[in-house]
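Here is what each chain is made of, one letter per residue.
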Amino acid sequence: MARIVAGVASSHVPAIGAAIDNKQTEEPYWKRVFSGFEKSKEWMKEAKPDVAIIVYNDHASAFSVEIVPTFALGCAAEFPPADEGWGPRPVPTVQGHPELASHIAQSVILDEFDLTICNKMEVDHGLTVPMNLLFGSPEEWPCPVIPLAVNVVLYPPPTGHRCYMLGKAIRKAVESYPEDLKVVIFGTGGMSHQISGPRAGLINSKFDKAFLDNLSKDPKKLTRIPHLEFMREAGAEGIEMVMWLIMRGALDDKVDEVYRFYTVPASNTAVGHIILENRRKAAGKRPAAGKLAGKTKRAAARKTIDIRRGGR
Ligand SMILES: [Fe+2]
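Predicted model only: the values in this text are computed from it and were never measured. (Residues numbered from 1 in each chain as written. Predicted model: local features only at pLDDT ≥ 70, side-chain atom pairs only at ≥ 80, totals over all residues. Heavy atoms only, no water.)

Q: With reference to specific residues and values, describe the coordination of the iron ion.
A: Donor atoms from the polypeptide that bind the iron ion are His 12 (NE2), His 59 (NE2) and Glu 240 (OE), placed at 2.0 to 2.1 Å. Look at where the donors of the iron ion fall in the sequence and you get H-x46-H-x180-E. Of this pair, His 12 sits in the loop between strand S1 (3-10) and helix H1 (14-21) while His 59 is found in the loop between strand S2 (51-56) and strand S3 (71-74), placing the two residues 47 residues apart along the sequence. Looking at His 59, the relative accessible area reads 26%, which means it is partly exposed. (Donors = N, O, S within 2.8 Å, 3.2 Å for Na, K, Ca; no water. Helix = DSSP H or I, 4+ residues; strand = E, 2+ residues; numbered from the N terminus. Buried < 20%, exposed > 50% of the residue type's maximum accessible area, 1.4 Å probe, protein only.)

Put into structure tokens, the structure is as follows:
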């Protein structure tokens, strides 16, 4: 049986991708951001998922604003990096997992979540930046990926509750897949930011911190946040955080928070990151996710790295 062993949330700021592509990661401004993901890369190397499901949003790259699906599942064999205006990012083509993706589509649609099925799709920074942050910059990505694109660019986006329930349906789908696959699910985007208008540059560290706390311990509380509250408290683009609730819905009710990182700003965005592991012992020979953390000593890893600069 396939199973979801852990969830990862990470901002997907495009400037982070540009810093990687332009080899600026050692510059003091960027080192502050990238150093927060060093432990995460170690964790990911040990977790060694067979497949990653990455929940992200397309930024008018694969889909123009003429057609904007609410939930679009990538069922293709591969997903090339999109040209976002400066040529495609110099990252490997993302390999898909059409068999598991089709199985998820079948299960989730029959559970009454009306996914758009994408048999051809390019992927933008929303997906590739978190991959860099967690997998580094290898010549080939270490595992196949199932992209799930969520509309958070054209109102109305789905509610946090809808996203959370979709996560549960995805988990059910994964657990009914017969092959023994270890799956990690990503929620990406956020945290607080606004890129235009009079409040451009808005960052709300207090809101972000509470969101991270509740994501770990009381996610149902987050499912009740209305869109207007996201906009008011976290800026117009803060609505991206509903995507984190798909990841959280796919995990156990009670999880172990093994790592957290928060820093502001990166470009004009608050960067948040968290790793949550399922507690449930998996059946079969493979060790549970907690054991996979290995060197990531739980007590030490729980220590929050919370670097704040200029937040409000
Ligand atoms: Fe985004």
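So much for the structure itself; the text now carries on.
Q: I'd love a proper account of the confidence of the model for the chain, names of residues and values included.
A: Caution is warranted with low-pLDDT regions, since their predicted coordinates should not be read in detail. On average, the chain scores 92 in pLDDT, and the residues at 70 or more come to 90%. Low pLDDT, under 50, characterises residues 282-312; the stretch is placed with 59 contacts to residues that sit more than four places away or in other chains. (pLDDT = per-residue confidence, 0-100. Contact = heavy atoms within 4.5 Å.)

Q: How would you summarise the pairing of S3 if you had to cite specific residues and measurements?
A: Neither face of S3 is left uncovered, since the one carrying Phe 71 and Leu 73 and the one carrying Ala 72 and Gly 74 both have all their residues buried. With three bridges joining them, S3 and strand S7 (residues 145-150) adopt antiparallel strand pairing. When the bridges of S7 are listed, Leu 73 appears paired with Leu 148. (Pairing = 2+ DSSP bridges.)

Q: Explain helix H5 (residues 125-135) residue by residue, including any values.
A: Three- or four-residue spacings in an α-helix give side chains the same orientation, since the helix completes a turn every 3.6 residues. Counting buried residues in H5 gives 11 out of 11 residues, a clear majority hidden from the surface. Here H5 has its buried residues at His 125, Gly 126, Leu 127, Thr 128, Val 129, Pro 130, Met 131, Asn 132, Leu 133, Leu 134 and Phe 135. At the exit of H5 stands Gly 136, carrying a positive phi of roughly 80 degrees.

Q: I'd like a rundown of the nonpolar core, residues and numbers included.
A: Residues Ile 104 and Phe 211 are the most contacted members of the largest nonpolar core, which totals 57 residues. For this core, the element with the highest residue contribution is helix H6 (residues 160-175), accounting for seven residues. Phe 34, Ile 54, Ala 72 and Val 271 belong to the second-largest nonpolar core, a separate cluster that totals 45 residues. (Core = buried A, V, L, I, M, F, W, Y, C linked by side-chain atoms within 4.5 Å.)

Q: Describe H6, listing the residues and the values that go with them.
A: For H6, built from 16 residues, the straight-helix expectation of 22 Å at 1.5 Å per residue is met to within 8% by its first-to-last C-alpha distance of 23 Å. Taken together, the buried positions of H6 are Gly 160, Cys 163, Tyr 164, Leu 166, Gly 167, Ala 169, Ile 170, Arg 171, Ala 173 and Val 174. (Expected span 1.5 Å × (residues − 1).)

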